[in-house]
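# Summary of the model geometry
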Amino acid sequence: MRKKRLVSAVLLVLLLAGCGQTGGKLLPSGTGRTDTAAAQAELPEGAFDGFDQFTVFTDGPEETVAYVWALDDAGARWEIAVDPADAEDREYFVETVLHEYFHYLSLNDTQVIYTSEQTLDTYNEPGMVTLADSYLNDFYQEFWTGYLDDCLACDDTYNFFLRHCDDFITPDASTDPSEDICESFAFFVLRPRDFRADEDVWSRKLDFFYQYPQLVAFREEVWGNLGLAWGEYFESRQEADAA
């Protein structure tokens, strides 16, 4: 998962408080308790249904910001962890947790099978095979079949990025299809739609998510939680709030 990487100011409070799950309800654990019922009301409905564990950790600022981790071999139940030492940069923190959250959305048991048996039919990573109609396989089939071999043949992914820099939203996105889709998802959520998306590959990747009504609905709820207006950039709102 991304080393240096949901949604509203209330969600940040929820994550920094730390949560466990009891009886299907997320409850605060440890210090820094807050009103989690109010916090959950700000989130897209069901956003944390697949999570059993919320972890607050720190390795100091500007290191690991957040991660998600499967708690079982099937990828059915998950942990999400955040580092409050990195929350001061709210723009980067929100981008990071959205990135990590999409690892969960694209790698849970409804999307992939964890197995050592590989296939040529869908996108594979070591120990994992995507399902035919999964987010990650759809993304791979549309954007990566032309240069996956080029990426795998080069240990220096930054040189791969430089050869295809117009195709990726960030250098990290060029690591592999999984990182690319997660980077693209974070920017899809936080940026206004570009109706000239066919002009660049990276912008077509952001437009890719609009074919999934459930992701569009998620995005709209996040926009509401963040107080974004139509056509407004998240980073612009952060600058205005700081003024």
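In the block above lies the structure referred to throughout.
To start, this report covers the structure provided alongside it. (Residues numbered from 1 in each chain as written. Predicted model: local features only at pLDDT ≥ 70, side-chain atom pairs only at ≥ 80, totals over all residues. Heavy atoms only, no water.)

### Considerations on the sheet that holds strand E6 (residues 112-114)
With antiparallel pairing, three strands are arranged side by side in an open sheet as E6-E8-E7. For this open sheet the edge positions go to E6 and strand E7 (124-125), each flanked by a neighbour on one side alone. The pairing of E7 with strand E8 (residues 128-130) spans two bridges and is antiparallel. Each bridged residue has a counterpart across the sheet, and for Glu125 the counterpart in E8 is Met128. (Pairing = 2+ DSSP bridges. Helix = DSSP H or I, 4+ residues; strand = E, 2+ residues; numbered from the N terminus.)

### Here's the deal with the side chain of Ser178
As for its placement among the helices and strands, Ser178 is situated in helix H7 (residues 177-190). Given the relative accessible area of 4%, Ser178 is considered buried. Those residues in contact with Ser178, other than ones at most four positions away along the chain, are His103, Leu107, Glu125 and Leu136. (Buried < 20%, exposed > 50% of the residue type's maximum accessible area, 1.4 Å probe, protein only. Contact = heavy atoms within 4.5 Å.)

### Things to note about a negative patch on the surface
Taken together, the side chains of Asp59, Glu62, Glu63, Glu88 and Asp89 present a region of like negative charge at the surface. Tracing the sequence through the fold places Glu88 in the loop between strand E5 (78-82) and helix H3 (90-107). (Patch = residues over 30% accessible without salt bridge, like charges linked within 9 Å, V, L, I, M, F, W, Y side chains within 5 Å. Areas by Shrake-Rupley, 256 points an atom, 1.4 Å probe, with all protein chains shown as cover. Salt bridge = Lys/Arg side-chain N within 4 Å of Asp/Glu carboxyl O. Lys, Arg positive; Asp, Glu negative; His and termini not counted. Charge placed at Lys NZ, Arg CZ, Asp CG, Glu CD.)

### Thoughts on the pairing of E5
Burial analysis of E5 places five of its five residues in the buried class, the great majority of the element. Judged by which residues are buried, E5 turns out to be covered on both faces: Trp78, Ile80 and Val82 on one side and Glu79 and Ala81 on the other are all buried. Looking at chain direction, strand E3 (residues 51-56) and E5 are connected through five bridges and run parallel. Across the sheet, residue Phe51 finds its bridge partner in E5, namely Trp78.

### Considerations on the side chain of Asn137
Topologically, Asn137 is positioned in helix H4 (residues 135-143). Polar contacts involving the side chain of Asn137 include one to the main-chain carbonyl oxygen of Ala132, which spans 3.0 Å. Beyond its immediate stretch of four places on either side in the chain, Asn137 contacts Thr122, Tyr123, Thr130, Leu131 and Ala132. (Polar contact = N/O pair within 3.5 Å; in protein donor to acceptor, adjacent residues only side chain to side chain.)

### Looking at H7
Along its 14 residues, H7 runs 20 Å from first to last C-alpha, staying within 8% of the 20 Å computed at 1.5 Å per residue. With 14 of 14 residues buried, H7 lies mostly within the body of the structure. (Expected span 1.5 Å × (residues − 1).)

### Thoughts on the environment of Phe168
Here Phe168 lies in the loop between helix H6 (157-163) and H7. In this structure Phe168 comes out as buried when scored by relative accessible area, which is 4%. Along the primary structure Phe168 and Ser184 are separated by 16 residues, whereas in three dimensions their C-alpha atoms are 8.3 Å apart.

### Examining the packing of H4 against H7
H7 packs onto H4 with a crossing angle of 100 degrees between their chain directions and a minimal axis gap of 10 Å. One way to sum up the angle between H4 and H7 is to call them roughly perpendicular. Along the contact surface, H4 presents Tyr135, Leu136, Phe139 and Tyr140, while H7 presents Pro177, Ser178, Asp180, Ile181 and Ser184. Across the contact of H4 with H7, the residue classes tally to six nonpolar, two polar and one charged. (Axes fitted to C-alpha atoms, helices over the stretch in contact; angles between N-to-C directions. Parallel < 35°, antiparallel > 145°, perpendicular 65-115°, else oblique. Nonpolar A, V, L, I, M, F, W, Y, C, P; charged D, E, K, R; others polar.)

### Points about unusual backbone geometry
Not every positive phi belongs to a glycine, and Glu62 is a case in point at roughly 65 degrees. By the secondary structure assignment, Glu62 is in the loop between E3 and strand E4 (66-70). Glu62 sits in the exposed class, given a relative accessible area of 60%.

### Quick notes on the packing of aromatic side chains
Within the structure shown, the criterion is met by 31 aromatic pairs. Plain terms: the ring middles of Phe48 and Phe51 are 5.8 Å apart, the flat faces sit at 70 degrees to each other, and that makes the pair edge-to-face. Residue class for Phe51 comes out buried when judged on its relative accessible area of 0%. Where Tyr101 meets Phe218, the ring centres are 5.6 Å apart and the plane angle is 15 degrees; that geometry is what we call stacked. (Phe/Tyr/Trp six-rings, centres within 6.5 Å; stacked < 30°, edge-to-face > 60°.)

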